[in-house]
Amino acid sequence: LWNQVLELLESQLSRPTYEGWIKTVVADELTADRLTIRTPSLFAKNWLHKYYFQNITDAVTEILGYPVEVYIVAAPSGEPPSGQPDEDVTEDEGGQEGLLETAIANEAVQAMAASLPATNIQSDPQVENSHSSPRHNNLNPKYNFNRFVVGATNRMAHAAALAVSESPGREFNPLFLCGGVGLGKTHLMQAIAHYHLEIEPRARIAYVSTEQFTNDLIAAIRKDSMQRFRELYREIDMLIVDDIQFIEGKEYTQEEFFHTFNTLYEAGKQIVLASDRPPAQIPRLQERLCSRFSMGLIADIQVPDLETRMAILQKKAEYDNLKIPADVLHYIAASYTSNIRELEGALVRTVAYISISGLPMTVENVAPVLNPPKEPVEVSAEMVLSVVTEMLNIDLADLLGNSRRREISQARQYVMYLMRQHTNLSLPKIGEAVGGKDHTTVMYSCEKVAQLQSTDGDVAQLLRQLSDRIYFIAQSKN
Ligand code: ADP
Ligand code: MG
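Attention here is on the structure that accompanies the text. Just so it is clear, the model here is predicted, and its values are computed rather than measured.

Here's the deal with the overall build of the protein
So, step 1. Scanning the protein from N- to C-terminus turns up 22 helices and eight strands.
So, step 2. Per-residue burial over the protein gives 33% buried out of 478 residues.
So, step 3. Of the contacts formed within the protein by residues at least 6 apart in sequence, a portion of 71% connects residues at least 24 apart.

Digging into the environment of I340
So, step 1. One can find I340 in helix α15 (residues 340–357).
So, step 2. Here I340 falls in the buried class, since 24 other C-beta atoms lie within 10 Å of it.
So, step 3. Leaving out residues up to four positions away in the same chain, I340 has contacts with G182, L183, G184, P304 and I312.

Some points on the sheet that holds strand β7 (residues 270–275)
So, step 1. With respect to topology, five strands assemble into an open sheet ordered β5-β6-β7-β4-β8, the strand pairing being parallel. Strand pairing shows two members of the sheet lacking a second neighbour, β5 (205–209) and β8 (297–301), which therefore form its edges. Strand-to-strand twist across the sheet, computed as the mean angle between neighbouring axes with direction ignored, equals 15°.
So, step 2. Here strand β4 (residues 175–179) runs beside β7; their pairing, made up of four bridges, is parallel. When the bridges of β7 are listed, C178 appears paired with S275.

A closer look at the site of ligand 1
So, step 1. Around ligand 1 there are 17 residues in total, and G184, K185, T186, H187 and I340 lie nearest to it.
So, step 2. Contributing elements (two or more residues each) for the shell around ligand 1: α8 (185–199) and α15.
So, step 3. Each residue belonging to the shell around ligand 1 can be placed in one class, and the counts come to seven nonpolar, six polar and four charged.

Some thoughts on the sheet that holds strand β2 (residues 34–39)
So, step 1. Within the open sheet, the three strands sit side by side as β1-β2-β3. Their pairing is mixed. Only two strands of the sheet have a single partner each, and these edge strands are β1 (26–30) and β3 (69–74). In this sheet, adjacent strand axes meet at a mean angle of 25° when their direction is disregarded.
So, step 2. Judged from the six bridges that link them, β2 and β3 form a sheet pairing that is parallel.

What counts and how
Numbering of residues starts from 1 in every chain and runs along the sequence as written. As they are written, the chains are lettered A onward and the ligands numbered 1 onward, keeping that order. Reporting in this predicted model follows two pLDDT cut-offs: at least 70 for local features of residues, and 80 or more for side-chain atom pairs to be given and counted; totals over whole chains, interfaces and linings ignore these cut-offs and use all residues. Counting from the N terminus, the helices are DSSP H or I runs at least four residues long and the strands are E runs at least two residues long. Residues with at least 20 neighbouring C-beta atoms inside 10 Å of their own are called buried, those with 12 or fewer are called exposed, and the rest are partly exposed, where every C-beta is derived from the backbone. A pair of residues counts as a contact when their C-beta atoms, built from backbone coordinates, are within 7 Å of each other. For two strands to count as paired, DSSP must find a minimum of two bridges between them. To obtain an axis, a line is fitted to C-alpha atoms, over the contacting stretch when the element is a helix, and the angle between two such axes runs from 0 to 180 degrees between their N-to-C directions. Nearness is defined per residue: the C-beta atom, placed using the backbone, must lie within 6 Å of the molecule or strand. Throughout, the ten residues Ala, Val, Leu, Ile, Met, Phe, Trp, Tyr, Cys and Pro are labelled nonpolar, Asp, Glu, Lys and Arg are labelled charged, and all others, Gly among them, are labelled polar.

Have a look at this one:
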């Protein structure tokens, strides 16, 4: 569990932060409502508490799927963990020692800032020569082509990304990836960088967010080092800028970016951009930038279909060494339709929940931990009919007829009740859908089933299973 939290934090925080502060933390104890974690020193404890408490709490909550209180304790060598409540940690804790710690903290921040390159220029010989520290970058090693599942809705973007990393600056320049949140833009962009570096280890690739570009620019202006900024950004082999839609309205950044773009483009260097929408739909984007962005290939990524979502989950399970029954994977894939990050999050949560609860991994057990999807699903009368007849093994003609056989009339009542619950159909419409019954019959049936449900556990469970299945079918049809 804690390893999963660490993994999540690693993906959210900058590398120096993660390596310096988070990685060394171990989980101490997990009870129903509290997770205790242990830092190597009191200093680290205070630091984490002050700056990363929320990140940690959020990550733990996300992985567990329910909120717990996080307690940070310090384990200085030899001493038992202090175990004091978090509120005890204040800025001016302890005289001399506190001052010293503050001093160290400030230095640590400075050291960290200094070790961070302004950009993520890979293999830049100049940078390598001038700093003896290892190269930093914020490329996620997992975002490579091997882990990227190709489906109908991202095939073109994937093919273009591959072409660009094999022969940059040729066909698709710039490559403009667009698509909604969590659909794989960042993954593809970083895969381009990884793969190109494999082919061309000395290539100078800058992968930056638009925000980073802006921040670098501001820093350069402030430090009067525009010369250096321009060298850095214009003497690279490939420029990859993520979330370029955020350049919207930033006039000065747009101005500078325009020149960076032109310089690189004219030198035949590859430019890759990603945005949540096509250039023409980015508001307050200078006309000349919009036309530059549209000059190469605009490849869009759409929401993946069920089959692709299954394949993505399977691949992730494989890489993470997870054994998950196919029907559970299917259930998750059917429940999360529009965002791959959420889809993956659901898988992680499922695994965490199962390992904590000790329950067998079945659809029934994992269903409660999965967030209900945000978009309401359309359930039709036909779906209810087909699920009930199928699961209870009843002939549709019998159900729609007037048979008074107990199992049939009961199934018919379930159908009416479930239609009432899951569709917007009126009582008379439901009556029609079950072979022309009177609306008072429908009302009576619904009341009867509702009562049964609250008194008979077996009926309640059966209805839950029927509902899950209906939901599932409706999801996969959407
Ligand atoms: P975006 O940048 O479009 O918001 P990301 O690239 O961050 O989306 O993708 C979100 C998550 O989904 C990442 O963990 C990524 O690895 C995963 N992902 C997206 N598309 C795919 C895919 N086709 N195959 C495997 N994983 C994917
Ligand atoms: Mg992204």
